[in-house]
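# Coordinate analysis (summary)
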Amino acid sequence: QVSKPDFSDRAQEVWYNYLLSGPQTHAVNILSNTMTALGQLPEHAIAAGMGAARRAINPDAVDRVMFSELGARALGLMQGTKEGIREFARAFRTGEASDFVTKMESQTQKAVPGIKGEVLRVPTRLLTAEDELFKAMARRMELSGLAVRQAAKEGHKGQEARDRAADLLVNPTDDMMEKVLDYGRYLTFQRPLGVGAAGKLSQMTQEHPWMKAVLPFIRTPTNLIKFGAERSPLAPLVKEWREDFAKGGAARDLAIAKVMVGSGVGAVIADLATRGIVTGSPPSDENKRRLLMASGWQPYSFKFGDTYYSYRRLDPFAMTFGTAADLATMGEGMTEGQRDKGAALWTASVVANLASRTWLSGITDALDALNDPERHYETFIKRLVGSATVPTGSAQLARILDPTMRETPDIASYMASRMPGQSDSLLPKRDVWGRPIVSQGGIGPDILSPIWTSTKVEDPVIDALLADELRIGKLNRTFGGRKLSADEYDQYQSVAGALIRDEASKLVDDPVWRALDADGKQRELDKAADASRKIARELLGFSKD
């Protein structure tokens, strides 16, 4: 009765469940947690090697990760899966988590009463159940490893060590239980934030619920960022990593192993990026970005054959992949002096990858709106209103049924783009050649797949333009003293884009044009583009220049 929910609590519950209603959101959560759990095994293997080296130098070094832990952890992971399935079923049935720390940061649960509330809460109930599954897996994996480590630390060997480990599994020490519970939260990115800046910000959103419009989640994104940073040269900036390093022993070995594994993976990704197998952020140059997109290029992706497979939503590893790819390729087109500014490149890469994360889109949109209201305010408002009124699940279904990207100049059109059966009434977005931009789907069922694909189109015209860094300007919507309507501009893009493509193709095939320098080629391309635009306007019957 004291915590009787009010309108604010009900609004928060609707907001959270709308945001989490997409099937792809839950597929991302499951895939991310699975990859995170499996990624612990190589880190513990590296730490075990470091512990063995320390023991060889100092026989008294008993606090270390054991190689025998690896098998115990793998077995614990499988046993934890069985336990986790039971926890998943219980949590989904009851809606209650065994751990008071969850991804939901709102103070009031079950604010919307009756059957409507039960239906509304299916997304958050499902998310809670998923986290219960992976927490059980993580806890059993950690408990199995700690039991083996503790038995060895106590000096037991052979069968005696196995018996002691089995006893500790049934009767763990208080210290072991504390570590096990924390580990479950760590691998599901739910560690409490404490009294730092992120913790204070989370508290502010609790005290001022309207802030959740742009910051619905703080705990999980903060822990995701920390998790990625611990596996990079930025690890010393993370308080928890410094504390583990200061403890020495097994904790220090694991802290160093995280950096080694993460940095090693980053180095491999960087090498693949230089060979075009991995892509990072889209180019800041709009012309280059439009040409690349028209060729089927896809940011934040692995390229196998002619197909790009997006890793953008595979957090926390996506940040490592994206940052490494950017650092390897961001210097392209820069002067030698600019390339020497390694710190600036690093910062720009990290910021670009953070800005691309879906769970930070609200705050990045808000900051853009504050920084440049004239350009970004309307975009921020329409996305906020659209997300608050049309569930993410509806938007994902609309994208599957209508894979064509749509123009959304206002709130009403943005809402329509998120509604199945309504989005196809909107005008399409068009590429540099005036063709509609169509998504190609993902791996497996599109409604579930977080890994979207794109096939590279062999286009010698685009290749030639990119090689010489030539530009094709966007069509002017205003000419002859008037502004084209949305329908007129759509027709103009379609007709003019095709004509420009034909003329550019003739230029690329002309030996005389190929003999010109870049400036000469740009002049000829501009002439051909201007002539094509003029013909398009005459064909469409628009007013003369």
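Along every chain, residues carry numbers that run from 1 in the direction the sequence is written. The predicted nature of this model means local features are confined to residues of pLDDT at least 70 and side-chain atom pairs, given and counted, to a pLDDT of 80 or more, with totals for whole chains, interfaces and linings taken over all residues. As a rule here, side-chain values cover all heavy atoms of the structure and leave hydrogens and water aside.

Attention shifts here to the overall build of the protein chain. If you tally the helices and strands in the protein chain, you get 23 helices and five strands. Of all intrachain contacts in the protein chain linking residues separated by at least 6 positions in sequence, the fraction that spans at least 24 positions is 71%. Numbered from the N terminus, helices here are DSSP runs of H or I no shorter than four residues, and strands are runs of E no shorter than two. We call two residues contacting when some pair of their heavy atoms lies within 4.5 Å.

Note on pairing: DSSP must find at least two bridges between two strands before they are called paired. Taken in spatial order, the three strands make up an open sheet running β1-β2-β3, and their pairing is antiparallel. Strand pairing shows two members of the sheet lacking a second neighbour, β1 (301-304) and β3 (453-455), which therefore form its edges. For this sheet, the mean angle separating the axes of adjacent strands, direction not counted, is 25°. Here three bridges tie strand β2 (residues 307-310) to β3, and the two strands are oriented antiparallel to one another. Counterpart to Tyr309 in the pairing with β3 is Thr453. For helices, the axis comes from a line fit to the C-alpha atoms of the stretch in contact; other axes are also lines fit to C-alpha atoms, and the angle between any two N-to-C directions lies between 0 and 180 degrees.

Viewed as axis vectors pointing N to C, helix α2 (residues 23-57) and helix α5 (residues 122-153) meet at an angle of 10°, and their least axial separation amounts to 10 Å. Looking at the two axes, α2 sits roughly parallel to α5. For the pair α2 and α5, the contacting residues are His26, Asn29, Ile30, Asn33, Thr34, Ala37, Gln40 and His44 in the first and Pro123, Leu126, Leu127, Glu130, Asp131, Phe134, Met141 and Arg149 in the second. Split into classes, the residues belonging to the contact of α2 with α5 amount to seven nonpolar, six polar and three charged. These descriptions rest on fixed angle ranges, namely under 35 degrees for roughly parallel, over 145 for roughly antiparallel, 65 to 115 for roughly perpendicular, and the rest for oblique. Note on residue categories: nonpolar means Ala, Val, Leu, Ile, Met, Phe, Trp, Tyr, Cys or Pro, charged means Asp, Glu, Lys or Arg, and polar means any other residue, Gly included.

To continue, consider helix α9 (residues 219-230). Residue count minus one, scaled by 1.5 Å, sets the expected span of a helix. Given a rise of 1.5 Å per residue, 12 residues ought to cover 16 Å, and the 16 Å separating the end C-alpha atoms of α9 matches this to within 8%. For each residue, the accessible area found with a 1.4 Å probe, counting protein chains only, is set against the maximum for its type, and the residue is called buried under 20%, exposed over 50%, and partly exposed in between. Looking at α9, one finds that the buried residues are Arg219, Thr220, Pro221, Thr222, Asn223, Leu224, Phe227, Gly228, Ala229 and Glu230. Looking at the buried side of α9, the elements it contacts are α2, α7 (174-187), α8 (197-207), α10 (239-247), α11 (249-274) and α13 (317-329).

Over its 13 residues, helix α1 (residues 7-19) extends 18 Å from the first C-alpha to the last, a length consistent with the 18 Å expected when each residue adds 1.5 Å. Considered for burial, the residues of α1 that qualify are Asp9, Gln12, Glu13, Trp15, Tyr16 and Asn17. On its buried face, α1 is in contact with α4 (114-120), α5 and α17 (373-389). For α1, the N-terminal capping position is held by Asp6, with its side-chain oxygen 3.1 Å away from the main-chain nitrogen of Ser8. Polar contact is defined as a pair of N or O atoms within 3.5 Å, subject to the rule that within protein one atom must be able to donate a hydrogen and the other to accept it, and that residues adjacent in sequence are counted only when both atoms are side-chain atoms.

Each salt bridge in this description consists of a side-chain nitrogen of Lys or Arg and a carboxyl oxygen of Asp or Glu lying within 4 Å of one another. If you walk through the whole model with that rule in mind, you get 33 salt bridges. Residue Asp167 is joined to Arg164 by a salt bridge in which the shortest nitrogen-to-oxygen separation is 2.9 Å. Of the two residues, Asp167 and Arg164 are both situated in helix α6 (residues 158-170); the distance of three residues between them amounts to about one turn of the helix. With relative accessibility at 23%, the residue Arg164 sits in the partly exposed group.

Here we come to the packing of aromatic side chains. The geometry of an aromatic ring pair is captured by the separation of the ring centres together with the interplanar angle, meaning the angle of the planes. For Phe, Tyr and Trp, where Trp contributes only its six-membered ring, two rings pair if their centres lie within 6.5 Å, and the inter-plane angle classes them as stacked under 30 degrees, edge-to-face over 60, or tilted in between. Using the criterion set out here, one finds 13 aromatic pairs in the structure. Between Phe88 and Phe92, the aromatic rings sit 6.4 Å apart at their centres with planes inclined by 10°, giving stacked as the arrangement. Separated by four residues within a single helix, Phe88 and Phe92 lie in helix α3 (residues 68-94), roughly one turn from each other. Since its relative accessible area comes to 27%, Phe88 is described here as partly exposed. Here the aromatic rings of Trp241 and Phe245 are separated by 5.3 Å at their centres, their planes lie at 20°, and the arrangement is stacked. Of this pair, Trp241 and Phe245 both sit in helix α10, separated by four residues, roughly a single helical turn. The exposure class of Trp241 is buried, given its relative accessible area of 10%. Looking at Phe245, the relative accessible area reads 33%, which means it is partly exposed. Through pairs of rings, three or more aromatic residues link up here, namely Tyr300, Phe302, Phe304, Tyr309, Tyr311 and Phe321. Positioned above the aromatic ring of Tyr183, the side-chain terminus of Arg73 is 6.0 Å from the ring centre. We count a charge as sitting over a ring when the NZ of a lysine or the CZ of an arginine lies within 6 Å of the ring centre and within 35 degrees of the ring normal. Between Arg231 and the ring centre of Phe227, over which it is positioned, the NZ or CZ distance is 3.6 Å.

This brings us to the packing of α10 against α11. A packed helix pair is summarised by two numbers, namely the angle formed by the two axes and the spacing between the axes. At their nearest, the axes of α10 and α11 sit 6 Å apart, and the two run at 135° to each other. The angle between the axes of α10 and α11 places the two elements in the oblique class. For α10 against α11, the interelement crossing comes out left-handed. Contact with α10, carried on its side by Trp241, Asp244, Phe245, Ala246 and Lys247, involves Gly249, Ala251, Arg252, Ala255, Ile256, Lys258 and Val259 of α11 and no other residues of that element. Broken down by class, the residue content of the contact of α10 with α11 amounts to seven nonpolar, one polar and four charged. Left-handed is the label given to a crossing in which the near helix is rotated counterclockwise from the far helix by less than a right angle, and right-handed is the label when the rotation is clockwise.

Before going further, it helps to examine unusual backbone geometry. Here the bond from Asp315 into Pro316 is cis, since omega is 5°, no more than 30 degrees from zero. The residue Pro316 is located in the loop between β2 and α13 in this model. If you check the backbone angles, Phe189 has positive phi at about 60° while not being a glycine. By secondary structure assignment, the location of Phe189 is in the loop between α7 and α8.

Residues grouped as a nonpolar core are buried Ala, Val, Leu, Ile, Met, Phe, Trp, Tyr and Cys residues, joined through side-chain atoms within 4.5 Å. In terms of nonpolar packing, the biggest core is built from 18 residues, with Val432, Trp433, Val461, Leu465, Ile472 and Leu525 touching the most fellow members. Of all the secondary structure elements, the ones that give two or more residues to this core are α12 (286-294), α20 (460-467), α21 (486-509) and α23 (518-540).

On to the confidence of the model for the protein chain. Known as pLDDT, the predictor's confidence for each residue is given on a scale from 0 to 100. The predicted model of the protein chain averages 88 in pLDDT, with 91% of residues at 70 or higher. Per-element confidence in the protein chain ranges from a low mean pLDDT of 50 for helix α14 (residues 336-339) to a high of 96 for β2.

With that settled, consider the pairing of β1. Summarising the sheet, β1 and β2 pair through four bridges and their orientation is antiparallel. Its bridge partner lying in β2, Phe302 is registered against Tyr309. The turn linking β1 back onto β2 is made up of two residues, and Gly305 within it adopts a positive phi angle of 65°.

In this section: the environment of Ala52. Within the fold, Ala52 resides in helix α2. For Ala52 and Lys226, which are 174 residues apart along the polypeptide, the C-alpha to C-alpha distance reads 28 Å.

With respect to the secondary-structure elements, Thr320 resides in helix α13. Taking the C-alpha atoms as reference, Thr320 lies 36 Å from Leu168; in sequence the two are 152 residues apart. When near neighbours in sequence (up to four residues on either side) are disregarded, Thr320 contacts Gly228, Gly262 and Gly266.

Glancing now at the side chain of Thr25. Within the element layout of this structure, Thr25 appears in helix α2. What Thr25 contacts, discounting residues up to four positions off in sequence, is Leu19, Leu20, Arg313, Thr392 and Gln396.

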